[in-house]
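Coordinate analysis (summary)
Listed below, chain by chain, are the residues.
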Amino acid sequence: MGRLGYSLLAVVVSFGMLAGCATRPVNPPITQTDLGSGYRYLARAERFKDKQNLVVLAFSGGGTRAAAFSYGVLEALRPLEVTGPRGSIRMLDQVDVITGVSGGSFTALAYGLYGERLFDIYETSFLKRDVQGELIRRVLSPAHWGDWGRAETASELYDEILFHGATYADLDRGNGPFIVVTATDISNGTRIGFQQGTFDFLCSDLLAVPLSRAATASSAVPFAFSPVTFNNYGGTCRHELPAFVRPFTDPSAIPRPAARLLTKLRDLRSYEVEGPPFIHLLDGGLSDNLGMRGVLEALEEAETLSVLGRPGPFDDVRRIIVFVVNSRSSPKTSWGQSERPPGAIPLLIKATGVPIDHYSYESVETMRDMVARWQSMRRLRESFALNASTDPAVQQLLSAPNIDLYVIDVSFAALVDDAERAYLNDLPTSFVLPAEAIDRLRAAARKLVRESPDFQRLLKDAGATIVERPATSVPSDAHQ
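Along each chain, residues carry numbers from 1 onward, in the same order as the chain's sequence is written. Where totals are concerned, whole chains, interfaces and linings use all residues; where local detail is concerned, this predicted model gives features only for residues with pLDDT of at least 70, and gives and counts side-chain atom pairs only at 80 or more. Note that water and hydrogens are dropped before the side-chain values are worked out from all heavy atoms of the structure.

Considerations on the state of the cysteines
Here, disulfide denotes a covalent bond that connects the sulfur atoms of two cysteines. Cysteine sulfur atoms are paired as a disulfide whenever they fall within 2.5 Å. The full count for this structure, using the stated rule, is 1 disulfide. With a sulfur-sulfur separation of 2.1 Å, Cys203 is cross-linked through a disulfide to Cys237. Of note, the bridge from Cys203 to Cys237 carries an S-S torsion of about -70 degrees and is left-handed in sense. Of this pair, Cys203 sits in the loop between helix H9 (196-199) and helix H10 (211-219) while Cys237 sits in the loop between strand E7 (228-231) and helix H11 (259-273); the two residues are 34 residues apart in sequence, bridging distant segments of the chain. Here a strand is any run of E in DSSP of at least two residues, a helix any run of H or I of at least four, and the numbering for each starts at the N terminus.

Concerning the pairing of strand E4 (residues 95-101)
Per-residue accessibility, obtained with a 1.4 Å probe over protein chains only, is compared with the maximum for each type, and a residue is labelled buried under 20%, exposed over 50%, and partly exposed between these values. Taken across its 7 residues, E4 has 7 buried, putting it largely inside the fold. Two strands qualify as a pair provided that DSSP identifies no fewer than 2 bridges between them. In this structure, strand E1 (residues 53-59) lies alongside E4, joined through 5 bridges in parallel fashion. Paired with Phe59 across the bridge in E4 is Gly100. Note that E4 and strand E5 (residues 178-185) share 5 bridges and pair parallel. The partner of Val97 across the bridge, within E5, is Phe178.

Here's the deal with unusual backbone geometry
Of note in the backbone geometry, His164 takes a positive phi value of approximately 50 degrees without being a glycine. By secondary structure assignment, the location of His164 is in the loop between helix H7 (150-163) and helix H8 (168-173). Judged by relative accessible area, which is 54%, His164 ranks as exposed. Of note in this structure, Arg238 is not a glycine but carries a positive phi near 50 degrees. Tracing the sequence through the fold places Arg238 in the loop between E7 and H11.

What to know about the packing of aromatic side chains
For any pair of aromatic rings, geometry is given as the distance between the ring centres together with the angle between the planes. Each Phe, Tyr or Trp ring (for Trp, its six-membered ring) is paired with any other whose centre lies within 6.5 Å, and the angle between the two planes then decides the class: stacked below 30 degrees, edge-to-face above 60, tilted in between. The final tally for this structure, using the stated rule, is 20 aromatic pairs. Among the aromatic residues, those joined into a cluster by ring pairs are Tyr39, Tyr41, Phe48, Tyr168, Phe178, Phe194, Phe199, Phe230 and Phe314. The criterion is that NZ of a Lys, or CZ of an Arg, lies within 6 Å of the ring centre and within 35 degrees of the ring normal, and then a charge sits over that ring. The ring centre of Phe119 lies 4.2 Å from the NZ or CZ of Arg78, which sits over that ring. In this arrangement the basic side chain of Arg440 is found over the ring face of Tyr423, its NZ or CZ atom lying 3.5 Å from the centre.

Digging into the pattern of salt bridges
Definition used for salt bridges: Asp or Glu carboxyl oxygen within 4 Å of a side-chain nitrogen of Lys or Arg. For the structure shown, the criterion picks out 25 salt bridges. A salt bridge links Asp170 to Arg173; the nearest nitrogen and oxygen atoms lie 2.6 Å apart. Highlighted residues: Asp170 and Arg173, both in helix H8, separated by 3 residues, approximately one helical turn. Across the pair Arg191 and Glu297 runs a salt bridge whose closest N-O atoms are separated by 2.9 Å. Of this pair, Arg191 sits in strand E6 (residues 191-193) while Glu297 sits in helix H12 (residues 293-308); the two residues are 106 residues apart in sequence, bridging distant segments of the chain.

Re the side chain of Ser226
With respect to the element layout, Ser226 can be found in the loop between H10 and E7. Classification of Ser226 by relative accessible area gives buried; the value is 15%. We call two N or O atoms a polar contact when they sit within 3.5 Å, provided that within protein one can donate a hydrogen and the other can accept it, with sequence-adjacent residues counted only if both atoms are side-chain atoms. Within the local environment of Ser226, its side chain forms a polar contact with the backbone nitrogen of Arg150, the two atoms lying 3.1 Å apart. A distance of 3.1 Å separates a polar atom in the side chain of Ser226 from the backbone nitrogen of Ala151. Contacts are assigned to residue pairs with any non-hydrogen atoms lying within 4.5 Å of each other. The residues touching Ser226, leaving out its near neighbours within four places in the chain, are Gly149, Arg150, Ala151, Ala220 and Leu282.

No statement about biological role is implied by the geometric values presented.
See the structure below:
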């Protein structure tokens, strides 16, 4: 979760009463959903260069630490040219989807917006900037005491220093990967992904939403920031679900693999049925600190549709590669050395962060279990004992997508160097870090990608080789 340092939290909580009641940006309504337009996966997938390989980068939360670590992954993939049976392509151009949470959302959105330009501006515009100090000064400044809330003050700053008025319409016009950043509805815990498919349930046009507000919602730490408020017009736009989603509206007819998707669909449909006029969003790490829940739901969807024998959006995909970019750290405390318990603010931060960070690994393990299950069912289907079976029940039981899944771990825990791992683990979750820390985070990410055993296994299985060329020689017509 993108938690700020103790000092910022204390300051903004102390001055929370200074927030005024100025107007806030309002997301506009739509009168009819259009499944063929807007910033949505199905429309974006039409532009993917390789229909058989789906490459996903999942950027976790963690403030500037997460932003720098995820940026290092982009830097690692940028000069790598993959040569395989179907020719050569730059690895970064193979990326189709990037999910981002909290600190990772800034890197995801900025790359989606700027593409190659990001490598010229990101370091000075955001990474090595004292964003935390600027936030504190704005919150304390009388000029901003009339702002709608602390989150809107932060959104204005992010827009000035990084996004410069860009909205999802600008992201939609680009040719880069599909970017999904997430926030959490504090009223009911629903994970809200900033894509038109989600905003269809709100009967609202995502294209008009500023990228700065999406980044703010994804990183709005409880108590440090006020929630980011959006209007809900659910039930007013004759919303139609995509054909492949409609079977999931009848839970009694859906097999077990779709449990997560059924829950997510139920939560989103509540905005249409119950119709609360507003939703209040906070840090995406509260519901998914790795940005992996949406990926898991998509895989479950693919498995369920395969069991049902129905077409789906991943029918042409033969290989899914997920880079799990996890910047979780575990700074040491001296609390256990004192008889007195920690103070209220440090305890609050730990109480909200420890469960999220400590159990984020379960998303990765669930995905690995899914890979093992698919492989087992495939081996059974192809075994001599069952090869001649015509029993429909047996065939359905063993049905699974014909997809190879690779999960590439990019985390501090994967570092071999004990000293470097200890240094990175001790970095705080804040919006300011020393320049040395930024550079070491980036270097660690590049090293982890290049030396990943799972990445090497992927290349071997695909019959591909890697050629590294200077980053300055990348094509000038790369996306954006």
